[in-house]
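Each chain, letter by letter, is given below.
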Amino acid sequence: MTLQVKDGTFRYPLSREPILEDINFHVEPGELLAILGPNGAGKTTLMRTMTGLQQWSSGHTEIDGVNLKDMSPREIGRTIAYVPQARSVVSLSLSGLDMVTIGRAAHLGMIAQPGPAEESMAWETLASIGADHLADMPCGNMSGGQFQMILIARALVAEPRIMVLDEPETGLDFHNQMVVLNLLQHLVREKNLVVVMNTHYPAHAIRIADKIILIDRVHRTRFGPVDEVMTEENLGDIFDVDLRISDIEHGDRRVPTVTAIDVRPR
Amino acid sequence: MRPKSLIPMPTYAETSPVEQTGVAAPPVVGRRRPAAGRGWAESFVVSGRLRVWFVLALWGLLIACALISVMAGRYSISLPEILRALGDSVSGQEFTDDRVGSVLFGVRFPRTVLAIFVGAGLAVAGAAFQSVFSNPLATPDTLGVSAGTSVGAVLALIFSWNLLGVQALALLFGLLAMAVTVSIARHRGKTSIVMLVLAGVIVSAIANAVISMLKLMADPTSKLPEITYWLMGSLAGVSFSSIALGVPLIVLGTLGIYLLRWRLNVLALSEDEARAAGLNIRVLRPLVIACATLITASVVSMCGQVGWIGLLVPHCARMLVGNNNRLVIPVSLLLGAAMMLLIDTLARTMTASEIPISVLTALIGAPMFILLLRKTGGNWS
């Protein structure tokens, strides 16, 4: 299932300056797209517009050539799973398992209740990412890393073809960052999903992404494969930082690192 | 392209026992939720469902409260007398004891039936409002819906309209109040907990000012006392015919919320998450709000402002069974009915003259709520 954005432009009503202008990209199954850019560049806006949570001012999103606008909320819910930032823990919080079961909503009728089938699906999904010990914990009592796992499980249980994650590894400790990155890589390589993620970590993007969108402070974008886009020059321009990209060799693995040297005056 | 090694299935192990023992967990297939819940809920919930004995206990409580409500009063009636009168009524005979028959069918039964529907309806409406606004403080009272519906009902009382007119006008003003509250609270597409409650306070203040103005203009000999007593809330003076007019609307609203009770869990998430889950929230949210407002309007037009039930009962239910609305709604329904029956029975038996319901719900409800809050630390958040 191909996710494609054609000539996407977004501006807030009453505002002349667009937040996003002439966005064009496409992601195939088995590919991971990472979106990088400084704070306020429009990364979250891009996620929301490409998934239909916010309407493009002009241009559109296509899934396998079908305009997102022509799909029902239920169809979209079955195709695209959206994982918000984990910091928004709501009041009246559910247990982990009840939260994951919500992911089946797009597959159930309006007044249907989840039954044993849905419940064991939620269980298996939690177990498959090694988070089944969180099933009975109220989401309000969870740490950021634990809640992130619940949110990812909730997205997976919907059996989506496209998964969109807003800063999935931000705010997690070192261990959990790697766990999330490995999990995303697994979903792309083994389950053949389309995965799109926002990130603040260039090294993470180089490590697991296939394609990159860079957005700079004045909302200009650059789209392309990792090797082309993630250069010291491009990243330096985007973040106004002098930096070096290098590989660390560990056995037969090469792990990319990005090290900031100093800030450039803006 | 850089070579990308195949990554083994990752395991999230922040607190997982797997990592500590160093032994890979066996593949888990078709596992179900463990029997153990958490805290109190453990005793009442099993595999995400209410335990049978707990459901039976709730029904038992409701039936016991209903019996007490029918038996107690200025003229107390024993269980055999009730059964005999019921038997007479079913077989179409004259009542063995005429006084018992007329008290039961003229006063007690209608009142008991009304209390059940009012309590159940208000509790469910409160739980629904709390979910839709993902705000533990949202109730018909705090959102200004109760006050708004009262304006409509007072207007209709002044015009001397019949109950159907009172209900229609109450519903209209309730929806209007709801719309005003939501539009005040909504800022840049987001509604904060504090803003919503503040907006509710504002709308209530305006509505109460309008009610005061209407009272000033009302005929002080006939209309004013009627309005004043009615506003304080009372189930007195109901008959089966007025129940037949008002209760179906309560049932309709409650049924709507009951059927959508699992979807309330999704609505309680952020708007983006609810939409990403495939919900048509443009339809679902207004539908739930309309159902809850319909219940409130119908209750207000039959028995005035009955406060506190919508806040107190859903939170009691949450403390018993957790926050899953699939369980909270049915438990609130039964608990609300039982609670209303108890309060109404107290209202008409404690003193020689009847005490207004809203006085009792506040006097009993507030301390009880504080007690529960202190005991659990408000663990719904």
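Residues numbered from 1 in each chain as written. Chains lettered and ligands numbered in written order. Predicted model: local features only at pLDDT ≥ 70, side-chain atom pairs only at ≥ 80, totals over all residues. Heavy atoms only, no water.

**Student:** Run through the overall build of chain B, naming residues and quoting values.
**Tutor:** Secondary structure assignment for chain B yields 16 helices and four strands. Looking at chain B as a whole, 50% of its 381 residues are labelled buried. Total accessible area computed for chain B in this model is approximately 17100 Å², and 69% of it derives from carbon and sulfur atoms. (Helix = DSSP H or I, 4+ residues; strand = E, 2+ residues; numbered from the N terminus. Buried < 20%, exposed > 50% of the residue type's maximum accessible area, 1.4 Å probe, protein only. Areas by Shrake-Rupley, 256 points an atom, 1.4 Å probe, with all protein chains shown as cover.)

**Student:** I'd like to hear about the pattern of salt bridges, residue by residue, with values.
**Tutor:** A complete count under the given rule lists 18 salt bridges over all chains for this structure. A salt bridge links Glu62(A) to Lys6(A), with the shortest nitrogen-to-oxygen separation between them at 3.3 Å. Note that Glu62(A) is positioned in strand S4 (residues 58-63) and Lys6(A) in strand S1 (residues 3-10), a separation of 56 residues in sequence. According to the relative accessible area criterion, Lys6(A) is partly exposed, its value standing at 31%. Among the salt bridges present, the one from Glu271(B) reaches Arg186(B), with a minimum N-O distance of 3.4 Å. Of this pair, Glu271(B) sits in helix H12 (residues 271-276) while Arg186(B) is found in strand S3 (residues 186-187), placing the two residues 85 residues apart along the sequence. Note on Glu271(B): relative accessible area 28%, which makes it partly exposed. A residue is classified by how much of its surface remains accessible, and Arg186(B), at 38% relative accessible area, is partly exposed. Overlapping salt bridges, with partners in common, bring together Arg111(B), Asp344(B), Arg348(B) and Glu354(B) in one network. (Salt bridge = Lys/Arg side-chain N within 4 Å of Asp/Glu carboxyl O.)

**Student:** Before we move on, can you summarise the sheet that holds strand S3 (residues 32-36) of chain A with the specific residues and values?
**Tutor:** Residues and elements named next belong to chain A. Taken together, the six strands give an open sheet; going across it, the order is S6-S7-S8-S3-S9-S10, and neighbouring strands pair in mixed fashion. This sheet does not close on itself; its edge strands, each paired only once, are strand S6 (80-83) and strand S10 (221-225). The average undirected angle you get between the axes of adjacent strands in this sheet is 15°. Bridge count for S3 against strand S9 (residues 211-215) is four bridges, and the pairing is parallel. Residue pairing across strands places Ile 35 opposite Ile 213, the latter belonging to S9. Here helix H1 (residues 43-50) sits on the sheet and contacts S3, S6, strand S7 (162-165), strand S8 (194-198) and S9; the angle it forms with S8, its principal contact strand, is near 150°. (Pairing = 2+ DSSP bridges. Axes fitted to C-alpha atoms, helices over the stretch in contact; angles between N-to-C directions. Contact = heavy atoms within 4.5 Å.)

**Student:** With reference to specific residues and values, describe the state of the cysteines.
**Tutor:** Linking two cysteines covalently via their sulfur atoms produces the bond known as a disulfide. All names here are of chain B. Per the stated rule, a full pass over the model turns up zero disulfides over all chains. Of all cysteine sulfurs in the structure, the one in Cys 316 sits closest to Cys 65, which takes part in no disulfide; the separation is 13 Å. In this structure Cys 291 is not part of a disulfide, and its nearest cysteine sulfur, from Cys 303, lies 19 Å away. (Disulfide = S-S within 2.5 Å.)

**Student:** Give me the environment of Ala127(B): which residues, what numbers.
**Tutor:** Residues and elements named next belong to chain B. Relative to the elements of secondary structure, Ala 127 occurs in helix H5 (residues 98-132). Taking C-alpha positions, Ala 127 is 8.1 Å from His 315, a pair spaced 188 residues apart along the chain. Once residues lying within four places of it in the same chain are set aside, the contact partners of Ala 127 are Gly 310, Pro 314, Arg 318, Val 328, Ile 329 and Ser 332.

**Student:** Which residues make up helix H6 (residues 145-158) of chain B, and what values go with them?
**Tutor:** Residues and elements named next belong to chain B. Taking 1.5 Å of rise per residue, the 14 residues of H6 would be expected to cover 20 Å, and the 20 Å separating its terminal C-alpha atoms lies within 8% of that figure. The buried fraction of H6 amounts to 13 of the 14 residues, a majority that puts the element mostly inside the structure. One or two steps after H6, the chain reaches Ser 160, where phi turns positive at roughly 55°. (Expected span 1.5 Å × (residues − 1).)

**Student:** Summarise a negative patch on the surface; cite the residues concerned and give the values.
**Tutor:** A surface patch of like charges, here negative, comprises Asp7(A), Glu17(A), Glu21(A) and Asp22(A). The residue Glu21(A) is located in strand S2 (residues 20-27) in this model. (Patch = residues over 30% accessible without salt bridge, like charges linked within 9 Å, V, L, I, M, F, W, Y side chains within 5 Å. Lys, Arg positive; Asp, Glu negative; His and termini not counted. Charge placed at Lys NZ, Arg CZ, Asp CG, Glu CD.)

**Student:** Kindly report on the packing of aromatic side chains, identifying the contributing residues and their values.
**Tutor:** Residue and element names in this part refer to chain B. In this structure the tally under the stated criterion is eight aromatic pairs over all chains. Look at Phe 129 and Phe 133: their rings are 6.3 Å apart centre to centre, the planes differ by 20°, and that puts the pair in the stacked class. Owing to a relative accessible area of 13%, Phe 133 belongs among the buried residues under this scheme. Pairing Phe 159 with Trp 161 gives two aromatic rings, centres 5.5 Å apart and planes at 40°, and the pair type is tilted. Counting every residue linked through ring pairs, the aromatic cluster contains Phe 44, Trp 53 and Phe 54. (Phe/Tyr/Trp six-rings, centres within 6.5 Å; stacked < 30°, edge-to-face > 60°.)

**Student:** Now, about the sheet that holds strand S5 (residues 66-67) of chain A: what can you tell me, with residues and values included?
**Tutor:** Strand pairing in a sheet takes place through backbone hydrogen bonds and is either antiparallel or parallel in direction. Residues and elements named next belong to chain A. Spatial strand order, S2-S1-S4-S5: four strands in an open sheet with antiparallel pairing. Across the chains shown, the open sheet's two edge strands, defined by having one partner strand only, are S2 and S5. With five bridges connecting them, S1 and S4 associate as antiparallel partners. Opposite Gln 4, over in S4, you have Glu 62 as the bridge partner. Across the face of the sheet, H1 comes into contact with S1, S2 and S4 while running at roughly 60° to S2.

**Student:** Lay out the environment of Leu183(A) with the relevant residues and their values.
**Tutor:** All names here are of chain A. Counting through the fold element by element, Leu 183 comes out in helix H6 (residues 174-189). Under the relative-accessibility criterion, Leu 183 is labelled buried at 1%. Through-space distance from the C-alpha of Leu 183 to that of Pro 168 is 11 Å; in sequence the pair is 15 residues apart.

**Student:** Tell me what's going on with a nonpolar patch on the surface, and back it up with residues and numbers.
**Tutor:** Taken together, the side chains of Met110(A), Ile111(A), Leu255(B), Tyr258(B), Leu259(B), Val283(B) and Leu287(B) present a nonpolar region at the surface, about 570 Å² in accessible area. Within the residue set of the nonpolar patch, elements represented by two or more residues are helix H10 (240-259) and helix H13 (281-303) of chain B. At three residues, H10(B) tops the list of elements feeding residues into the nonpolar patch. Within the secondary structure, Leu259(B) is located in helix H10.

**Student:** Pulling in residues and values, what's your account of helix H9 (residues 232-239) of chain A?
**Tutor:** Note that an α-helix has 3.6 residues per turn; residues three or four places apart therefore point the same way. Those residues of H9(A) that fall on the buried side of the exposure criterion are Asn234(A), Leu235(A), Gly236(A), Ile238(A) and Phe239(A). In the stretch just after H9(A), Asp240(A) is the one whose phi turns positive, near 55°.

**Student:** Please give an account of the nonpolar core that cites residues and values.
**Tutor:** Formed by 140 residues in total, the largest nonpolar core has its most connected members in Met163(A), Ile212(A) and Val321(B). The biggest single contributor to this core is helix H15 (residues 325-349) of chain B, with 13 residues. By size, the runner-up hydrophobic cluster in this structure holds 29 residues, among which are Leu3(A), Met47(A), Leu53(A) and Ile63(A). (Core = buried A, V, L, I, M, F, W, Y, C linked by side-chain atoms within 4.5 Å.)

**Student:** Can you explain unusual backbone geometry? Please cite residues and give values.
**Tutor:** Residues and elements named next belong to chain A. Here the phi dihedral of Asp 22 falls at roughly 50°; this positive angle occurs in a residue that is not glycine. Position of Asp 22 relative to the elements: it lies in strand S2. With a relative accessible area of 49%, Asp 22 lands in the partly exposed category. Unlike most non-glycine residues, His 219 shows phi in positive territory, near 70°.

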